[in-house]
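# Observations on the model geometry
Here is how the chains run, residue by residue.
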Amino acid sequence: MMKFVLAMCLVGITLAIECKVGTFVEGIGATVDTDCSLLDNVGLDYDSCKWFSKVVASVNTTHHQCGVCDVDDDDDCWDCQIDLCNSASYPSFMILPVAIAAIVMSW
């Protein structure tokens with residue numbers, strides 16, 4: 001039963017994704033948690049979050065957005081498919097959910 005509940009949770013995760021969206025210029029800025037499925041109404045269907053940075057005129061800008069990386073544009077981009085995975089602390093954010101999933105799946 002527990003595995004079924006976990007599987008249904010994972011199905012729910014794939015239907016809608018929540019991403020950090022915002023910009024930092026030289027380390028100053030903010031992000032907000034955004035339900036990327038809200039953009040479905042305008043024909044944009046996102047199932048990933050992305051993070052990338054750009055340096056223009058020696059000013060570093062970091063972007064957090066809904067969507068996947070553009071291989072022609074986003075030089076140091078990485079994307080992911082888990083809610084809020086494009087935050088600045090992604091590795092530490094993922095430790096608890098992965099550990100819980102591993103424990104539940106081992107039962």
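Along each chain, numbering runs from 1 in the same order as the chain's sequence is written. Predicted model: local features are reported for residues with pLDDT of at least 70 only, side-chain atom pairs are reported and counted for 80 or more only, and whole-chain, interface and lining totals are derived from all residues. Only hydrogens and water are set aside; all other atoms, that is, all heavy atoms of the structure, feed into the side-chain values.

## Some points on the overall build of the protein chain
- Think of it this way: any DSSP run of H or I at least four residues long counts as a helix, any run of E at least two long counts as a strand, and we number them from the N terminus. What the protein chain contains, in helices and strands, is 2 helices and 5 strands.
- Ordered by position from N to C terminus, the α and β elements of the protein chain give α-β-β-β-β-β-α.
- Burial classes follow relative accessibility: with a 1.4 Å probe on protein chains only, a residue under 20% of its type's maximum area counts as buried, one over 50% as exposed, and anything between as partly exposed. Within the protein chain, the fraction of its 107 residues that count as buried is 25%.
- We call two residues in contact when some of their heavy atoms are within 4.5 Å. Considering only intrachain contacts with a sequence separation of at least 6, the fraction spanning at least 24 residues in the protein chain is 49%.
- Counting only carbon and sulfur atoms, one obtains 66% of the accessible surface of the protein chain, whose full area is about 7000 Å². The Shrake-Rupley method, run with a 1.4 Å probe sphere, supplies the accessible areas, and residue values consider only the shown protein chains as cover.

## What about the pairing of strand β2 (residues 28-35)?
- Across 8 bridges, the pairing between strand β1 (residues 18-25) and β2 is antiparallel. By the bridge assignment, V21 is partnered in β2 with V32.
- Paired strands are those between which DSSP finds at least two bridges. Taking the residues between adjacent antiparallel strands as the criterion, β1 and β2 are bridged by 2 residues, where E26 takes a positive phi near 50°.

## Let's talk about the environment of I28
- In this structure, I28 sits in strand β2.
- Classification of I28 as exposed rests on a relative accessible area of 67%.
- Through-space distance from the C-alpha of I28 to that of T61 is 9.2 Å; in sequence the pair is 33 residues apart.

## A word on the state of the cysteines
- Any cysteine sulfur atom paired with another within 2.5 Å is treated as part of a disulfide. The tally for this structure, following the rule as stated, stands at 4 disulfides.
- Disulfide pairing places C19 opposite C49 at an S-S distance of 1.9 Å. The sign of the -90° torsion about the S-S bond sets the C19-C49 disulfide as left-handed. Of this pair, C19 sits in strand β1 while C49 sits in strand β3 (residues 49-56), and the two are 30 residues apart along the sequence.
- For C49, a relative accessible area of 0% puts it in the buried group.

## Comments concerning the packing of aromatic side chains
- To pair, rings of Phe, Tyr and Trp, with the six-membered ring standing in for Trp, must have centres within 6.5 Å; the planes then decide the type, stacked if under 30 degrees apart, edge-to-face if over 60, and tilted in the middle. With the rule as written, the count across this model stands at 1 aromatic pair.
- A ring pair is formed by W51 and W78, whose centres lie 6.0 Å apart and whose planes are at 20°; its orientation type is stacked. Residue W51 is found in strand β3, and its partner W78 is found in strand β5 (residues 78-80); the two are separated by 27 residues along the sequence.

## Quick notes on the sheet that holds β2
- Spatially, β2-β1-β4-β3-β5 is the arrangement adopted by the 5 strands of the open sheet, whose pairing is antiparallel. What marks the edges here is a single partner per strand, and that holds for β2 and β5. Taking the axes of each pair of neighbouring strands and ignoring which way they run, one obtains an average angle of 15° across the sheet. Lines are fitted to the C-alpha atoms to define the axes, a helix being fitted only along its stretch in contact, and any angle between axes, read from their N-to-C directions, falls within 0 to 180 degrees.

## Section: the side chain of H63
- Mapped onto the elements, H63 comes out in strand β4 (residues 59-66).
- Judged by its relative accessible area of 17%, H63 is buried.
- Look past the residues within four positions of H63 in its chain and what remains in contact with it is G22, T23, K50, W51, F52 and K54.

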